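Chain by chain, the residues:
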Amino acid sequence: TKVSIPDSVTSIGYGAFEYCSSLKSVTIPKSVTSIGNDAFYGCSGLTSLTIPDKVTTIGNSAFEKCTNLASVKLGNGHTTIGEFAFNSCDNLVSVEFGNNLVSIGESAFRYCRKLTSAILPNSVTSIGKSAFNTCTSLQRIVLPAGITTIEDYTLEHCLNLTSVAIPSSVTKVG
């Protein structure tokens, strides 16, 4: 199943496509500015996703348990990734972060076991607790230069992590 959301839509609301497991493709128009909580929760058929530049916020659990989602490209207008937004996206291999991302919520990428690297833009000032917890294939993470705190459990169970550069701005780890 393919869904093309019309240009007249500016917001995708709470649970709009929740558990639409046969949804394979969704086209989000440039007019959308926010994606609500649980909007695509459990859409296990989705394999890739491009989020347009005007979207500033991805709600809590918006794409949680989209188990076949392999790649995500976030637009440059994007500032906030909500709590558990991509939690348990078992096959997520790559995420391209936009240049204006400010906040990554708690457990946002937790249990994304195939994610191999995360290069966060310097605009990020907040990374929530357990944000990359149990990303067991994560080998490399680049933390932004201005971050001051690495929250509890952020990189817990990242068993293959071989490279993490902690900026000198960091004053607290866990």
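Shown above is the structure to which this text applies.
All values reported here derive from a predicted model rather than from experimental measurement.

Engineer: I'd love a proper account of the packing of aromatic side chains, names of residues and values included.
Structural biologist: The relative placement of two aromatic rings is captured by the distance of their centres and the angle of their planes. Taken as a whole and assessed by the stated rule, the structure comprises 7 aromatic pairs. Consider the rings of Phe17 and Phe40, whose centres lie 5.1 Å apart with planes at 10 degrees: the pair is stacked. Of the two residues, Phe17 sits in the loop between strand E2 (11–12) and strand E3 (25–27) while Phe40 sits in the loop between strand E4 (34–35) and strand E5 (48–51), which places them 23 residues apart along the sequence. Relative to Phe63, the ring of Phe40 has its centre 5.1 Å away and its plane inclined at 5 degrees; by these criteria the two rings are stacked. With Phe40 in the loop between E4 and E5 and Phe63 in the loop between strand E6 (57–58) and strand E7 (71–74), this residue pair connects regions lying 23 residues apart in the sequence. Side by side, Phe40 and Phe63 carry an identical accessibility label, which is buried. Connected via pairs of aromatic rings, a cluster forms that spans Phe17, Phe40, Phe63, Phe86, Phe97, Phe109 and Phe132.

Engineer: I'd like to hear about the side chain of Ser107, residue by residue, with values.
Structural biologist: Position of Ser107 among the secondary structure elements: in the loop between strand E10 (103–104) and strand E11 (117–119). By relative accessible area, Ser107 is classed as buried at 1%. When neighbours within four sequence positions are excluded, Ser107 is seen to be in contact with Phe84, Asn87, Lys129, Ser130 and Ala131.

Calculation notes
- Residues numbered from 1 in each chain as written.
- Predicted model: local features only at pLDDT ≥ 70, side-chain atom pairs only at ≥ 80, totals over all residues.
- Heavy atoms only, no water.
- Phe/Tyr/Trp six-rings, centres within 6.5 Å; stacked < 30°, edge-to-face > 60°.
- Helix = DSSP H or I, 4+ residues; strand = E, 2+ residues; numbered from the N terminus.
- Buried < 20%, exposed > 50% of the residue type's maximum accessible area, 1.4 Å probe, protein only.
- Contact = heavy atoms within 4.5 Å.

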